[in-house]
Amino acid sequence: MSEAKDGRSRKEEIVDACEELYRSKSFRDISIRDISEKTSFTRTSIYNYFSSKEEIFLSLLSREYMKWIDDLKALATTDGLDLHSFAEGLGASLEKRAIMLKLLST
């Protein structure tokens, strides 16, 4: 495994843990310690990948946003898309992005 790919997968593990915690806790209630307990990393080693808890959350928001963009691109290529179908598709895409919406409201 290349060093860049390994670094990405390690970052993803940290972001995944953050996402899992964020499903049941608020931003304020999640600490780096909580994240480290959900991963194979010590608190200190998490700082090798992210400079702060806020940076981890920004990475999570970015990931969720990119997934939403992919959903919207797929919706845009739908044949025979009328206004009603677009509205339903947009609503469905946002319904799948609860984490993104929660982050945006923070």
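The preceding data block contains the structure.
Since this is a predicted model, take the numbers as computed values, not measurements. By convention here, each chain's residues receive numbers from 1 onward along its written sequence. With the structure being a predicted model, the display of local features is reserved for residues of pLDDT at least 70 and the display and counting of side-chain atom pairs for 80 or more, all residues being used for whole-chain, interface and lining totals. Where side-chain values are given, they derive from all heavy atoms of the structure, hydrogens and water being excluded.

A. The overall build of the protein, seen in detail. If you tally the helices and strands in the protein, you get six helices and zero strands. The globule rule used here is 2.2 Å times the number of residues to the 0.38 power, and the radius of gyration it is set against is calculated over C-alpha atoms. Its C-alpha radius of gyration of 17 Å places the protein more than 25% over the 13 Å reference for a compact globule of 106 residues. Here the protein holds 106 residues, and the buried ones make up 30% of them. Counting contacts in the protein only where the partners sit at least 6 residues apart, residues at least 24 apart contribute 59% of the total. A helix here means a DSSP run of H or I that spans at least four residues, while a strand means a run of E at least two residues long, and both kinds are numbered starting from the N terminus. Relative accessibility decides the category of a residue: with a 1.4 Å probe and only protein chains considered, values under 20% of the type maximum give buried, values over 50% give exposed, and everything between is partly exposed. Note on definitions: a residue-residue contact is assigned when non-hydrogen atoms from the two residues lie within 4.5 Å.

B. Here's a closer look at helix H4 (residues 53–76). A helix is expected to span 1.5 Å multiplied by its residue count minus one. For H4, which comprises 24 residues, the first-to-last C-alpha distance of 35 Å matches the rise-based estimate of 34 Å (1.5 Å per residue) to within 8%. Those residues of H4 that sit buried are Lys 53, Ile 56, Phe 57, Leu 60, Arg 63, Glu 64, Trp 68 and Leu 75.

C. Representation of helix H6 (residues 98–105) in the model. The set of residues buried in H6 consists of Ile 99, Met 100 and Leu 103. Here the buried residues of H6 occupy an arc of 100° about the axis, which is enough to place them on one side. Throughout, the arc means that of the directions going from the helix axis to the C-beta atoms.

D. Structural detail: the packing of H4 against H6. Throughout, an axis means a line fitted to C-alpha atoms (over the contacting stretch in the case of helices), and angles, computed between N-to-C directions, take values from 0 to 180 degrees. Taken N-terminus to C-terminus, the directions of H4 and H6 make an angle of 130°; their axes are 9 Å apart at the nearest point. One way to sum up the angle between H4 and H6 is to call them oblique. The element H4 and its partner H6 pack so that their crossing is left-handed. Between H4 and H6, the contacting residues are Phe 57, Leu 60, Leu 61, Glu 64, Tyr 65 and Trp 68 on the first element and Ile 99, Met 100, Leu 103 and Leu 104 on the second. Roughly parallel here means an angle under 35 degrees, roughly antiparallel means over 145, roughly perpendicular means 65 to 115, and every remaining angle is called oblique. Crossing handedness is read from the near helix: turned anticlockwise from the far helix by less than a right angle, it gives a left-handed crossing, and turned clockwise, a right-handed one.

E. Structural view of the packing of H4 against helix H5 (residues 83–95). Look at H4 against H5: their axes get within 10 Å of each other, and the N-to-C directions meet at 160°. In terms of orientation, H4 lies roughly antiparallel with respect to H5. In the packing of H4 onto H5, the handedness of the crossing is right-handed. Here Trp 68, Asp 71, Leu 72 and Leu 75 of H4 lie close against H5, whose contacting residues are Phe 86, Gly 89, Leu 90, Ser 93 and Leu 94. As a working rule, the residues Ala, Val, Leu, Ile, Met, Phe, Trp, Tyr, Cys and Pro are called nonpolar, Asp, Glu, Lys and Arg charged, and the rest polar, with Gly in that last group. In the contact of H4 with H5, the residues fall into six nonpolar, two polar and one charged.

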